[in-house]
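# Examination of the molecular architecture
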Amino acid sequence: MTHGLVLIEPYADRLGGHHQRTLVVLAQARPGTLVIAPNGIARGAAGFLREARARLVTAPVGRPAAGLLGAARLAAGLSSAGQRIFRSRRWPRVLRRMPHQITLVVRCLTEASALRTARRLESDAKAVVILTANEALHGAAALLGGLPHLRFVHEAVTTEDAVVRLIGRLARRGEKKVLAVYPTQAVGDQFAAVFPDLSAVVRAFAVDDGRPLTDAERDGGRIAFDILGPEAVVCLVGGWWPYKDIAVIDAALARLKEPLHLVVAGCPLDEAVLERWRALPKLRLHTVPGPVAEPVLRVVYAAADAALVARHPGVGKESGLVMDAARLGVPLIVSDHDPSLTACLRGQSWALTFRAGDPDGLADALHTVVRQPPERPGAEAPGLLGMWTAAEQADFLTRTFASVRTQEPRC
C-alpha cells in the first residue's frame, strides 16, 4: 500500500533551519507521508509530524540499509579525525581537503541507506525526494540506494577532487535514475557546468504555508522584547555563515544617527561583534542565541518592522530569510548580491535594496525604516519570489518523479 510521498531529510536532527520547516509543511500537505530521517529528528519536528499523521523512520530498515549507514558513520569518524589532524595550513592542500572529500562520501552513503529503507517500506511511492541532498555523487547514491529519486541540491560547499570525481564517473549510469532540483537558476547554472549530463529543473525549495503573521502576533512580538509600539525594529535571523556580510552590517550600524532596535537570532554568532554592537549609542540589541524553532522564529519576525539580509556579491543560493519575510508579511532590507532576486524585488514597496558591500547604503536603508517603516508584503509576495503552496509543491514532486520512473523527456 502506498501513501504517496517519501521525504528523506538527513538534516532533520538539526533544530531550526528551512529544511526542517519544509519537511513538516510538505508532510502536513500529504497525510501518511513516509519521512526518513537517517540521523534522527529534532523533538519539535517529530511532534508536528505525528500531528500530520506522517510515518517517521529514524533507523535503517533491512541489512543493506544498515550496512550502508554503518559505513557512513565509520567514514564520518575518519572525516572528523582528519579535520582535527589536518587543520593547520602547514599541511599540503590535498591533505587538508581530504576530510571534506570523505564527507561527500559520508553523505552519499547516508542517502543510499535512506533510499534502501524507502525501497523496503514504500517501493511503489508516488515520489521519493531527498530534501537536502549531497552536492556530489548523485549517481552513486541512486545505484547504491537502488531507487530513482528527486534531490534538492542547494549549494556547492565542497567541490570534488580526483578520487571522488572517479567514483562519480564510475557511477554515472545511476544519474539516469536521478533528477536534481535546484532552488535558483544561479545554483542550476553552477551545477550544470560540473554535471552537464544530470537532468535537472529549477524550483524554489521554500513553501508557503499560508500563515502570515497576525496583528496579535505582532503585538506579542513587541511585548516579548519589551519594545514600545512606535520604536523601529530590524531583525537579523540565521547563523553568521561565510556567505553573509556581517562586516558591512557592522560598519553600517556604527553609522546610525537615529535609535534602532536590532533583534539577532540564530547560531553561530560572533560574541565579539555582538559586544561591539551593545556598546553603540544608537542601537539597542536583543539576542536569541542558538538554533531557533519555528514558533520562536515567528516571534522574532513579528517584532520587526523589517528583516535584514546582507550577503556577499555573487551568492546565488536561495535565501530562506527572504522567503520567510515574503510568506510572513515582513518588509525586507536586502543587498543586491543576486541579480535575479534584485530584479524580482525591483519596484516592490516592501523591499529596500542596497548595494552589496556598501555600509553607507545599508545605513541609509536603516534610517529609512526608522523614519517610515515600509509597507508590508501582500498575499502576492510569495508567488512573486517563485514560492508555491505545500500542496502545489507536493503535486509538482509527484508529477516530476513520474517522469523519472518512466524516463519521459524532462523539462
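The present account deals with the structure reproduced in this document. These figures come from a predicted structure and were not determined experimentally.

Glancing now at the sheet that holds strand S7 (residues 200-202). Taken together, seven strands build an open sheet; the order of strands is S3-S2-S1-S4-S5-S6-S7 and the sheet is parallel. Across the chains shown, the open sheet's two edge strands, defined by having one partner strand only, are strand S3 (55-57) and S7. Pairwise comparison of adjacent strand axes, ignoring direction, gives a mean angle of 20° for this sheet. Looking at chain direction, strand S4 (residues 127-130) and strand S5 (residues 149-152) are connected through two bridges and run parallel. For Val129, the partnering residue across the bridge sits in S5 and is Leu150. Across the sheet, helix H1 (residues 18-29) lies against strand S1 (5-8) and strand S2 (34-36), angled at about 170° from S1, the strand it touches most.

Gaps left between atoms are located by rolling a probe of water-molecule size over the structure's atoms. Counted under the stated rule, the structure contains two cavities of 30 Å³ or more. A volume near 70 Å³ is recorded for the largest cavity. In terms of lining, the largest cavity is formed by Leu236, Val237, Lys244, Ile246, Ile249, Leu308, Val309, Ala310, Arg311, Ser319 and Leu321. Elements that contribute at least two residues to the lining of the largest cavity include exactly strand S9 (233-237), helix H9 (246-254) and strand S12 (306-309). If you add up the space inside the second largest cavity, you get close to 50 Å³. Taken together, Ile36, Pro38, Val57, Thr58, Ala59, Pro60, Leu69, Ser113, Ala114 and Thr117 make up the full set of residues lining the second largest cavity. Split into classes, the residues belonging to the lining of the second largest cavity amount to seven nonpolar, three polar and no charged.

By volume, the second largest pocket is sized at about 330 Å³. Lining the second largest pocket are 21 residues; nearest its centre among them are Pro183, Thr184, Asp338, Leu341 and Leu385. Those elements giving two or more residues to the lining of the second largest pocket turn out to be helix H7 (185-194), helix H12 (320-328) and helix H13 (339-345). Ranked by residues supplied to the lining of the second largest pocket, first place goes to H13 with three residues.

This part takes up the pairing of strand S10 (residues 260-266). Of all seven residues in S10, seven are buried; the element is thus mostly enclosed. With burial as the criterion, each face of S10 is covered, one bearing Leu260, Leu262, Val264 and Gly266 and the other bearing His261, Val263 and Ala265. Sheet topology places S9 next to S10; five bridges connect them, and they run parallel. Paired with Leu236 across the two strands is Val264, which belongs to S10. Considered for its hand, the β-α-β crossover made up of S9, H9 and S10 is right-handed. Two strands pair when backbone bridges link them, and S10 and strand S11 (residues 283-289) are joined in this way by seven bridges, in the parallel orientation. What sits directly across from Val264, in S11, is Thr287. In the classification by handedness, the crossover that spans S10, the intervening helix H10 (residues 271-278) and the parallel S11 is right-handed.

Another aspect to go through is helix H3 (residues 63-85). A turn of α-helix holds 3.6 residues, and therefore any two residues three or four places apart point the same way. Between the first and last C-alpha of H3 there are 33 Å, a value that for 23 residues agrees with the 33 Å anticipated at 1.5 Å per step. Looking only at H3, the buried set comprises Ala65, Leu68, Leu69, Ala72, Ala75, Ser79 and Gly82. Residues of H3 that are buried sit in contact with helix H4 (93-121) and helix H5 (138-145).

What counts and how
Residues numbered from 1 in each chain as written. Predicted model: local features only at pLDDT ≥ 70, side-chain atom pairs only at ≥ 80, totals over all residues. Heavy atoms only, no water. Pairing = 2+ DSSP bridges. Helix = DSSP H or I, 4+ residues; strand = E, 2+ residues; numbered from the N terminus. Axes fitted to C-alpha atoms, helices over the stretch in contact; angles between N-to-C directions. Contact = heavy atoms within 4.5 Å. 1 Å grid on protein atoms, 1.4 Å probe; cavity = no way out; pocket = protein on both sides within 12 Å on 5 of 7 lines; lining within 4 Å. Points joined across faces, edges and corners; volume = space filled by probe spheres on them. Nonpolar A, V, L, I, M, F, W, Y, C, P; charged D, E, K, R; others polar. Buried < 20%, exposed > 50% of the residue type's maximum accessible area, 1.4 Å probe, protein only. Right-handed = clockwise from strand over helix to strand, strands pointing away. Expected span 1.5 Å × (residues − 1).

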